[in-house]
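Chain residues, written in single-letter form:
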Amino acid sequence: MKRVKLGRTGFDVSVMGMGAGGPSQIGKKQGKTPEHSAAILLEAFEAGVNFVDTAEGYGTEHLVGLALKDFPRDQVVISTKKSSRGSSAEEVVPSLEESLKRLGTDYIDVYSLHGVYDYDYDRCKDELFPEVVKLQQAGKIRSIGITEMFNADKSHDMLHRALDDNLWDVAMVGFNILNQSARDKVLSKAIEHDVGIQVMFAVRKALSDMEFLAETVAALIDEGHVDAADIDDPEHPLGFLVHDDGAVSLPDAAYRFCNYEPGTHVILSGTGNPDHLKQNIASLGRGPLPDADVERLKKIFRKVDSITGQGEWGGDPGPEKKA
Ligand SMILES: NC(=O)c1ccc[n+]([C@@H]2O[C@H](COP(=O)([O-])OP(=O)(O)OC[C@H]3O[C@@H](n4cnc5c(N)ncnc54)[C@H](OP(=O)(O)O)[C@@H]3O)[C@@H](O)[C@H]2O)c1
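Starting from 1, residues in each chain are numbered consecutively following that chain's sequence as written. Local features are withheld for residues below a pLDDT of 70 in this predicted model, meaning they are given only at 70 or higher, and side-chain atom pairs are given and counted only at 80 or more; totals for whole chains, interfaces and linings count all residues. The side-chain numbers reported here are obtained from all heavy atoms of the structure, hydrogens and water having been left aside.

1. Considerations on the packing of helix H3 (residues 92–103) against helix H4 (residues 121–137)
- Orientation is described by lines fitted to C-alpha atoms, with helices fitted over the stretch in contact, and by angles between N-to-C directions that extend from 0 to 180 degrees. Counting from the N terminus, the helices are the DSSP runs of H or I reaching at least four residues and the strands are the DSSP runs of E reaching at least two. Running from N to C, H3 and H4 point in directions that differ by 50°, and their axes come no closer than 9 Å. Between H3 and H4, the angle is such that the two are oblique. In the packing of H3 onto H4, the handedness of the crossing is right-handed. Across from Val92, Val93 and Leu96 in H3, the residues of H4 making contact are Leu128, Glu131, Val132 and Leu135.
- Considering only residue class, the contact of H3 with H4 consists of 6 nonpolar, no polar and 1 charged. Orientation is classified from the angle alone, with under 35 degrees giving roughly parallel, over 145 giving roughly antiparallel, 65 to 115 giving roughly perpendicular, and any other angle giving oblique. Crossings are classed by handedness, with left-handed meaning an anticlockwise turn of the near helix from the far one by less than a right angle and right-handed meaning a clockwise turn. Throughout, a contact is declared for two residues whenever any of their heavy atoms are within 4.5 Å. The classification used treats Ala, Val, Leu, Ile, Met, Phe, Trp, Tyr, Cys and Pro as nonpolar, Asp, Glu, Lys and Arg as charged, and all other residues, Gly among them, as polar.

2. Some words on the sheet that holds strand E10 (residues 266–269)
- Strands are treated as partners if at least two bridges between them are detected by DSSP. The strand order around the closed barrel formed by 8 strands is E3-E4-E5-E6-E7-E8-E9-E10, and the pairing between neighbours is parallel. Neighbour-to-neighbour, the strand axes of this sheet turn through a mean angle of 25°, independent of strand direction.
- With 2 bridges connecting them, strand E3 (residues 16–19) and strand E4 (residues 51–53) associate as parallel partners. Paired with Gly19 across the two strands is Asp53, which belongs to E4.
- The strands that helix H5 (residues 157–165) touches are strand E6 (108–116), strand E7 (141–148) and strand E8 (170–174); relative to E7, the one it contacts most, it runs at about 145°.

3. Quick notes on the site of the ligand
- Around the ligand, 30 residues are found, and the nearest of them are Ser24, Asp53, Tyr255, Thr271 and His276.
- What qualifies as a polar contact is a pair of N or O atoms within 3.5 Å, subject to a donor-acceptor requirement within protein and to the restriction that residues adjacent in sequence count only when both atoms come from side chains. Within the side chain of Thr271, a nitrogen or oxygen atom sits 2.5 Å from an oxygen atom of the ligand.
- The separation between an oxygen atom of the ligand and a polar side-chain atom of His276 is 2.5 Å.
- All accessible areas in this document rest on Shrake-Rupley with a 1.4 Å probe, and a residue is counted as covered only by the protein chains that are shown. Surface burial for the ligand is 88%, taken as the share of its 910 Å² of free accessible area covered by protein chains.
- Every element with two or more residues in the shell around the ligand is listed here: E7, helix H8 (250–259), E10 and helix H9 (274–283).
- For the shell around the ligand, the element with the most residues is H9, which contributes 3 residues.
- Residue composition of the shell around the ligand, by class: 11 nonpolar, 15 polar and 4 charged. The criterion for a residue being near a molecule or strand is simple. One of its heavy atoms has to lie within 4 Å of it.

This is the structure in C-alpha cells:
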C-alpha cells in the first residue's frame, strides 16, 4: 500500500484509510458483531492500511479500540472527531477524554471538528478551536482538523473559506467522480497551505449501485448539469471506464479517481464486507485510470456541484439553506 505525507502534519499515511462511519460503520450498521468489525480493521492494518477515521458521533471508537488491542498503537494514525453543531467550548475536553477511553489510547493523531456547517463555522472557529489548541498544547492530540457537512454543503462553502484561515492541519472533503467541485474550491487551497486531505464519499451508493447511478445521471441531465450528448449509454453511463487497460469495476474506478487527484492524501473507504475490503485494498494499490478516461469524467461532470452520490438525505440542511 502506497504511503504519502499527510500535508503539514508530516504523518506517513497509507493512501487508503478505513472509514468507521458512513453507511457501513465497518459493519455495525448491518448488525455485525464488534469482533467482526475489529477483524475488518485488523485485516486492513495487516495489508498496510495505517489510517482509520472514526468519531464520537458514530459510536465506533470502541471498535477501533478493540482492534488496537491486537495491533501496535504507534503503527496506526487515528483520526477522530468532536461533534461540532450544538457543542459548547466546555464540552471539548470531556469529549476528548471519553474518545481516548473508548479508543484505548492516550493521544489522537488527527482531532477534527466534525461536520461543520457553513453558517456555524465562525462560532466553531471562535469558541471550539481555541479549546482544541489547548488539547494540542497538552500533548493529547497531534494535529487539528475540520470536516465539512457534505450533505448540506455540496459545493464546499465552509471549507472554501476555512482553508483561508490557515488554522487547520487536515480537512475532510466530499469528492467523487460525480461531484468534482472540491478540485477548485478546496483542493487547490489545500495544496497552497499544505493541508492534509481526507476524501469521503468516493463510492457511496451512486458508484456501487448501477441502477441508482443511471437514475442519478438521468436527473443531472434533466436539470441541465450534464449534457445528454456526453453519455453514450444511459443505462450504464460510466460503463466506458471498465476495460482491459482501465478500471476493473466502478468502485475500483471511483477509488482510483480520487487517489490520483492532486491534493488528496487519504481516500476513506467504508465497508463492513470482507470481500469489498479486499477489492478496495487492491484498487487503492493500482495505478491511475487512463488519462483519456479521467479527462472524459472531468468533461462530463464539470458543472456538477449539487449532489453527493448518496441520494436523498433526511438531515437538517441548516438555517441558511432552508427555503
Ligand atoms: N462529515 C464527515 O466528517 C463525514 C461524513 C461522512 C463520512 N465520513 C467518513 O468518511 C468515511 C468513508 O465514507 P463513505 O461512506 O463516504 O465511504 P465510501 O467508501 O465512499 O462508501 C461506502 C459505501 O460503499 C459501499 N462499498 C464500499 N466498497 C465497495 C465495493 N468494493 N463494492 C461495492 N460497494 C462498496 C459500502 O457498502 P459495504 O459495507 O457493503 O461494502 C458503503 O455502503 C466514513 O466511514 C467516515 O469515516 C465523514
